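# Architecture at a glance
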Amino acid sequence: MLQIAVRLLMTQHEEIRVAAAQLAELLDVGAHEPTLRAQMLRDATRNLESRLRAHLEQEDYLIYPKAMAHADPLLRRLAESGFVDIGRRTRSLREFFARWPDAAAIEAVPERFMADARYCLKKLSERIQFEEERLFPAVLDAPGRD
């Protein structure tokens, strides 16, 4: 079961990377007409949010509780140590999406949105890196993983 969940989540990570890259690219694009640019940024943000919403819930349901309750003490410690930090990153992402509900909010303070978006993309990248380089391999290598 955990092995299948990890494979699913890794596939979703790739989809999330694509959506994050699209948003990052728009952040770096020169000035467009402000209203159009704000709408493009909001559309890219909404795309990323839609991919993340179910993914985060699945991770929090399929991986973290099971890894923290696993018989392997190394896996338990890794999951527990990452869970608090990962929880902060998840809250940060959810707060980001709530702060920028529409294009008008982005258009009102575009510099703040761009700084906020870059910060959240960095935190998202760090979360994915932790999971793919440390947590998921530990889940797959743990004895009695299924």
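Residues numbered from 1 in each chain as written. Predicted model: local features only at pLDDT ≥ 70, side-chain atom pairs only at ≥ 80, totals over all residues. Heavy atoms only, no water.

## Digging into the overall build of the chain
When its secondary structure is counted, the chain shows 5 helices and 0 strands. Overall, the chain shows an N-to-C arrangement of helices and strands of α-α-α-α-α. Structurally, the chain occupies a C-alpha span of about 55 × 25 × 20 Å along its principal axes. The positive charge centre, built from 22 side chains, and the negative charge centre, built from 24, are 4 Å apart in the chain. (Helix = DSSP H or I, 4+ residues; strand = E, 2+ residues; numbered from the N terminus. Lys, Arg positive; Asp, Glu negative; His and termini not counted. Charge placed at Lys NZ, Arg CZ, Asp CG, Glu CD.)

## As for the pattern of salt bridges
Tallying each qualifying case throughout the model produces 11 salt bridges. One salt bridge connects R127 with E59, and the closest N-O pair in it is separated by 2.4 Å. Placement of R127 in helix α5 (residues 110–141) and of E59 in helix α2 (residues 34–68) is noted, with a sequence separation of 68 residues between them. Of the two residues, R127 and E59, both sit in the buried class. In this structure, K122 engages E126 in a salt bridge whose closest nitrogen and oxygen atoms are separated by 2.8 Å. Taken together, the residues span about one helical turn, with K122 and E126 both in helix α5 at a distance of 4 residues. With a relative accessible area of 46%, K122 lands in the partly exposed category. Residue E126 is classed as partly exposed on the basis of its relative accessible area, which comes to 23%. (Salt bridge = Lys/Arg side-chain N within 4 Å of Asp/Glu carboxyl O. Buried < 20%, exposed > 50% of the residue type's maximum accessible area, 1.4 Å probe, protein only.)

## Comments concerning α5
For α5, with 32 residues, the first-to-last C-alpha span of 45 Å sits near the 46 Å given by 1.5 Å per residue. Approximately 40° is the largest bend angle found in α5, and it occurs at E131. (Expected span 1.5 Å × (residues − 1). Bend = angle between axes of the 7 residues up to and from the residue.)

## Focus: the packing of α2 against helix α3 (residues 73–99)
Relative orientation of the contacting elements α2 and α3 amounts to 155°, with a least axis distance of 11 Å. For the element pair α2 / α3, the angle class is roughly antiparallel. The two elements α2 and α3 cross, and the hand of that crossing is left-handed. The segment α2 lies against α3, with T45, L48, E49, L52, L56, E57, Y64, A67 and M68 engaging L75, R76, A79, E80, F83, I86, T90, L93, R94, F96 and F97. Tallied by class, the residues present in the contact of α2 with α3 amount to 13 nonpolar, 2 polar and 5 charged. (Axes fitted to C-alpha atoms, helices over the stretch in contact; angles between N-to-C directions. Parallel < 35°, antiparallel > 145°, perpendicular 65-115°, else oblique. Left-handed = near helix turned anticlockwise from the far one by under 90°. Contact = heavy atoms within 4.5 Å. Nonpolar A, V, L, I, M, F, W, Y, C, P; charged D, E, K, R; others polar.)

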